[in-house]
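Structural overview for review
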Amino acid sequence: MKLKLSDVIADMILDMFDDDTPTIQIQRNDLAAQLGCVPSQINYVITSRFTPEQGYRIESRRGGGGCIMITRAATKENAIISLINSIGTDIDEKNAKAHIYNLNYQNLVSDKAANMMLAVTADSNFRELPPDLKNKIRASQLKQMLLAYIN
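All values reported here derive from a predicted model rather than from experimental measurement. (Residues numbered from 1 in each chain as written. Predicted model: local features only at pLDDT ≥ 70, side-chain atom pairs only at ≥ 80, totals over all residues. Heavy atoms only, no water.)

**Re the overall build of the protein**
Put simply, the rule is: Helix and strand definitions follow DSSP, with helices as H or I runs of at least four residues and strands as E runs of at least two, each counted in order from the N terminus. Only protein chains enter the accessibility calculation, which uses a 1.4 Å probe; a residue is then buried when its area is under 20% of its type maximum, exposed when over 50%, and partly exposed in between. Between two residues, a contact is recorded if the distance between any of their heavy atoms is within 4.5 Å. Values of accessible area rely on a 1.4 Å probe in the Shrake-Rupley scheme; residue burial ignores everything except the protein chains shown. In this tally Asp and Glu are treated as negative and Lys and Arg as positive; neither His nor the chain ends contributes. Every charge is mapped to an atom, namely NZ of Lys, CZ of Arg, CG of Asp or CD of Glu.
What the protein contains, in helices and strands, is 7 helices and 3 strands. Order of helices (α) and strands (β) in the protein, N terminus to C terminus: α-β-α-α-β-β-α-α-α-α. Projecting the C-alpha coordinates of the protein onto the three principal axes gives extents of approximately 55 × 30 × 30 Å. Counting over 151 residues, the protein shows a buried share of 36%. When contacts within the protein are restricted to residue pairs at least 6 apart in sequence, long-range pairs at least 24 apart make up 60% of them. Entry remark: accessible area of the protein is about 9000 Å², with carbon and sulfur atoms responsible for 50%. For the protein, the separation between the mean place of its 17 positive charges and that of its 17 negative charges on side chains is 4 Å.

As structure tokens, then:
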């Protein structure tokens, strides 16, 4: 199986973290040169896979070569709580799936839990409801499942 470049970049960044290091510093140009890609590819991965909803805080420092600081939430629970707080009052199926896939990719929820969450938030469960109501119910259910997962 061939990995996408974005997967390779994300895995490299994740490998930089360890239990004692909640913050890492990345030289975007150096990492891009090491991987043989353009620096904007590094930016794309950081902005799409290391979001506050996934338990990360990003700081960009300019000057002197510049760097990107990525800080990981102290615990899985904090990352999940950050996601719960970011969901809002409604969410469509596409965004719910993206969040669930990302939680699973980051090993914040198990495969079994992710599959259950995907099943519960699927549009097929809300066939008879108007779109605005189905998205409100889906958001509520997703938040409740995430809260149950961390308790």
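**With respect to helix H5 (residues 93-105)**
In an α-helix, one turn spans 3.6 residues, which is why side chains three or four residues apart end up on the same side. The condition is simple: Given a helix with a known number of residues, its expected span is that number minus one, times 1.5 Å. Within this analysis, the arc is defined by the directions that extend from the helix axis to the C-beta atoms.
Helix length check: H5 (13 residues) gives 18 Å between terminal C-alpha atoms against 18 Å at 1.5 Å per residue, within 8%. Here H5 has its buried residues at Glu-93, Ala-96, Ile-100 and Leu-103. On an axial view of H5, the arc spanned by its buried residues comes to 95°, and they lie on one face. Directly after H5, the chain includes Asn-107, whose backbone phi takes a positive value near 60°.

**Side note on the nonpolar core**
Spelled out, the test is: Residues belong to one nonpolar core when they are buried, are Ala, Val, Leu, Ile, Met, Phe, Trp, Tyr or Cys, and are joined through side-chain atoms within 4.5 Å.
Counting 20 residues, the largest nonpolar core has Ile-80, Ile-87, Leu-103, Val-109, Met-117, Leu-142 and Leu-146 as the members making the most contacts within it. Of all the secondary-structure elements, those providing two or more residues to this core are helix H4 (76-87), H5, helix H6 (111-121) and helix H7 (131-150). Among residues more than four places away in sequence, those in contact with Met-117 are Ile-100, Val-109, Leu-142, Met-145, Leu-146 and Tyr-149. Core analysis: the next-biggest nonpolar cluster, separate from the first, contains 16 residues, Ile-13, Ile-26, Val-45 and Ile-68 among them.

**A few points about the side chain of Thr-121**
Here Thr-121 lies in helix H6. Owing to a relative accessible area of 0%, Thr-121 belongs among the buried residues under this scheme. Filtering out sequence-adjacent residues up to four positions away, Thr-121 remains in contact with Glu-93, Ala-96, Ile-100, Phe-126, Arg-138, Leu-142 and Met-145.

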